[in-house]
Amino acid sequence: MSRTIPTSAAVPVLVVGAGPVGVTAAAELVRHGVPVVLIEAESEPKTDWRASTFHPPTLELLGELGIVDQMIAEGLVVPRFQHRDRNAGVVAEFDFGLLRDETAHPYRLQLNQQHLVRMLVERLRGSDLARAVFGARVTGVREVDGGVTVTVRTDSGETEIHGSHLIGADGANSTVRQTLDIGFEGHTYPERFLIVSTSVDLREMIPGLADVNYVADPREWLFLLHTRESWRAVYPVPPDQPREVALDPDTLQAQLQGIAPRAEDYPIVDRQIYNVHQRVASTFRLGNVVIVGDAAHINSPVGGVGLNSGIHDAMDVVRRLVRIRAGADAEAELAAFDAVRRRVALDYVQADTHRNTERLKETDPERRRANQDELRAIAADPVRHHAWVRRASLLESVRRFGIARVPGATAGGESAPASAA
C-alpha cells in the first residue's frame with residue numbers, strides 16, 4: 001500500500017537508470033520543480049545506438065520539455081516508410097503525413113537515442129534540482145515510512161539514498177524489478193537480432209528505397225533504416241551461429257553485400273547483437289516504486305515503438321507524482337498508472353511488434369501473398385491507411401488512453417499537447 005509522502009518539497013524522487021527513458025523522467029520532474037536523484041550504474045551517460053525512432057506523440061511530449069527543436073535539427077524527419085519483399089521490392093508505402101490534422105509532428109524522427117540522453121543530461125547538470133550519481137549500482141530497494149530507500153554500491157563503498165518514490169528505468173535486466181521480485185512473463189525469440197551500421201548510402205544501390213523499410217523474406221528478413229550518421233540493417237542471427245561468427249568482419253561484409261552488392265567493402269561504424277523478447281512485467285508498480293520502459297516491458301524492435309512507449313510511461317508517472325505532491329490520492333494515481341500503461345504495453349506494443357515480426361519472417365507462400373495483398377489494400381484505402389499509421393505511430397494509444405497532465409503546467413512551446421487524463 002502506498003503511503004502519503006512527506007510534504008517537504010526538498011524530498012527527491014529517485015530515478016534508477018540514465019538511458020533515454022530515465023533521463024526523460026528526471027528532466028520532466030525538474031520541469032515541474034521536483035528534486036530528483038538520477039542513479040546510473042555506468043560511469044558515464046549511455047551511448048547505446050539501439051533505438052533511433054521517435055514517433056509523433058513522443059515528439060509532442062518531448063516538445064513540452066523544450067527539446068524537440070534541437071532533436072529535429074540533429075535528426076532526420078521521415079514521413080514515409082515502406083513494407084518490401086526482398087525479391088519483389090516495394091509492397092506498400094505508408095505516409096505519416098496523413099496525421100497532419102492531428103499532430104504537429106506528422107512523421108517519425110530518426111535520431112539515435114544517445115543524442116536525447118546527451119541533450120537531457122546536459123540540461124540536468126545545469127539544474128540545482130537534479131543530482132546525477134554515475135558509477136552507482138543499486139543493490140537494494142526497500143520501502144520506509146513516507147518513501148523509498150535504495151542501497152547503492154560505488155567505488156567508495158555502499159551508501160543509502162532516500163526519496164519519496166522510485167522510478168525504475170534500469171532496462172530489461174532491471175535490478176529494481178528483480179529486487180522486488182516482480183514477474184516478467186513472456187517469451188524469447190529463438191534467433192538473436194544483429195544491428196550493423198554503415199556510412200554507405202543504401203539508396204544509391206537499392207532503387208526507390210525509403211528511409212525506413214521493413215523487408216519480408218522467408219530466409220532472412222531485414223529492417224533497413226536511415227539516420228544522419230548511418231544506414232542501419234537489422235536481421236536475424238540463427239540460434240546455432242556463435243556470437244563471434246555473427247560479429248566477424250567477414251560475416252558482416254557478406255551480410256551487407258547480400259543486401260546490396262558493392263565493389264568495395266562496406267565501412268562499418270557500429271555493430272550489436274542481442275536477444276529479443278516479448279515480455280511484460282506482472283505489475284508496473286509496487287508501493288512507492290514504479291518501473292517504466294524496458295524495465296517494465298520489452299519487445300521486438302520491428303515498428304520502433306519500445307523506446308516511445310517507455311517515454312510515455314515516464315511522462316505519465318512523473319505527472320502523477322507531481323499531482324500526488326499537490327494533494328492527489330497516491331493510491332488512485334499509481335494504480336491508474338499501472339493499469340493504463342500495462343494495458344498499452346499488452347494491447348499495442350506487444351501485439352503490434354510481434355505481428356510485425358511474424359509478418360516479416362513468414363515462410364508459408366500463401367500467407368506471404370495474403371500479407372502482401374492486405375498491405376497493398378490498406379495503403380490504397382485512405383481510411384484504412386490513416387488508421388494504420390495512426391496505430392503504428394502510437395498516436396491511437398495516446399489519444400485513447402491519454403498521458404497524465406498537471407493542472408496549470410506550461411508546455412515548452414514546441415508542439416501541441418499529447419492528451420489529457
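This one's a predicted model, so the numbers in the text were calculated from it and none came from an experiment.

**Student:** A description of the side chain of Thr251 should follow, citing residues and the corresponding values.
**Tutor:** Among the structural elements, Thr251 can be located in helix α7 (residues 249-259). Within the local environment of Thr251, its side chain forms a polar contact with the backbone oxygen of Val245, the two atoms lying 2.7 Å apart. If near-sequence neighbours (up to four positions away) are discounted, Thr251 is found in contact with Gln241, Val245 and Ala246.

**Student:** Describe helix α4 (residues 113-125), naming the residues involved and giving the relevant values.
**Tutor:** Along its 13 residues, α4 runs 19 Å from first to last C-alpha, staying within 8% of the 18 Å computed at 1.5 Å per residue. Buried residues of α4: Gln113, Gln114, His115, Leu116, Val117, Met119, Leu120, Val121 and Leu124, and no others.

**Student:** Help me get a handle on the sheet that holds strand β10 (residues 147-154), residues and values and all.
**Tutor:** The strands making up a sheet are joined through hydrogen bonds of the backbone, oriented either antiparallel or parallel. Spatially, β9-β10-β11 is the arrangement adopted by the three strands of the open sheet, whose pairing is antiparallel. Unpaired on one side and paired on the other, β9 (137-144) and β11 (157-163) mark the two borders of the sheet. Ignoring which end each strand starts from, the neighbouring axes of this sheet average 20° apart. Direction of pairing for β9 relative to β10: antiparallel, over a ladder of seven bridges. Residue pairing across strands places Arg137 opposite Arg153, the latter belonging to β10.

**Student:** Describe the sheet that holds strand β7 (residues 108-110), with residues and values.
**Tutor:** Strand order in this open sheet of three strands is β3-β7-β4, and the pairing throughout is antiparallel. The sheet is open, and its two borders are formed by β3 (53-54) and β4 (76-78), each paired with just one other strand. As defined by bridge partners, β3 adjoins β7 across two bridges and the pair is classed as antiparallel. Counted as the bridge partner of Thr53 is Gln110 from β7.

**Student:** If you had to explain the nonpolar core to someone new, which residues and values would you point to?
**Tutor:** In this structure, Phe54, Met71 and Ile167 are the most contacted members of the largest nonpolar core, which totals 78 residues. Of the residues forming this core, the biggest block, nine residues, is contributed by helix α8 (residues 306-325). When sequence neighbours within four positions are dropped, the list of residues in contact with Phe54 reads Leu59, Leu62, Met71, Tyr107, Arg108, Leu109, Leu111, Leu116, Leu307, Asn308 and Ile311. Phe81, Phe94, Leu360 and Ile378 belong to the second-largest nonpolar core, a separate cluster that totals 27 residues.

**Student:** Describe the packing of aromatic side chains, listing the residues and the values that go with them.
**Tutor:** One pass over the structure, following the stated rule, counts ten aromatic pairs. With centroids separated by 5.5 Å and ring planes inclined at 85°, the aromatic side chains of Phe81 and Phe96 adopt a geometry described as edge-to-face. Of this pair, Phe81 sits in strand β5 (residues 80-85) while Phe96 sits in the loop between β6 (89-95) and β7; the two residues are 15 residues apart in sequence, bridging distant segments of the chain. Of the two residues, Phe81 and Phe96, both sit in the buried class. On the numbers, 6.4 Å between centres and 50° between planes, the contact of Phe284 with Phe337 is tilted. Residue Phe284 is located in the loop between β19 (277-281) and β20 (285-286), and its partner Phe337 is located in helix α9 (residues 330-360); the two are separated by 53 residues in the primary sequence. Given a relative accessible area of 0%, Phe284 falls into the buried group. On the basis of relative accessible area, Phe337 is assigned to the buried category, the value being 0%. Taken together, Phe81, Phe94, Phe96, Tyr214, Phe223 and Trp388 form an aromatic cluster joined through their ring pairs. The ring of Phe184 has Arg177 lying over it, and the distance from NZ or CZ to the ring centre is 3.8 Å.

Scoring rules and cut-offs
- Residues numbered from 1 in each chain as written.
- Predicted model: local features only at pLDDT ≥ 70, side-chain atom pairs only at ≥ 80, totals over all residues.
- Heavy atoms only, no water.
- Helix = DSSP H or I, 4+ residues; strand = E, 2+ residues; numbered from the N terminus.
- Polar contact = N/O pair within 3.5 Å; in protein donor to acceptor, adjacent residues only side chain to side chain.
- Contact = heavy atoms within 4.5 Å.
- Expected span 1.5 Å × (residues − 1).
- Buried < 20%, exposed > 50% of the residue type's maximum accessible area, 1.4 Å probe, protein only.
- Pairing = 2+ DSSP bridges.
- Axes fitted to C-alpha atoms, helices over the stretch in contact; angles between N-to-C directions.
- Core = buried A, V, L, I, M, F, W, Y, C linked by side-chain atoms within 4.5 Å.
- Phe/Tyr/Trp six-rings, centres within 6.5 Å; stacked < 30°, edge-to-face > 60°.
- Lys NZ or Arg CZ within 6 Å of the ring centre and 35° of its normal.

Function cannot be read off these values alone, since they describe shape.
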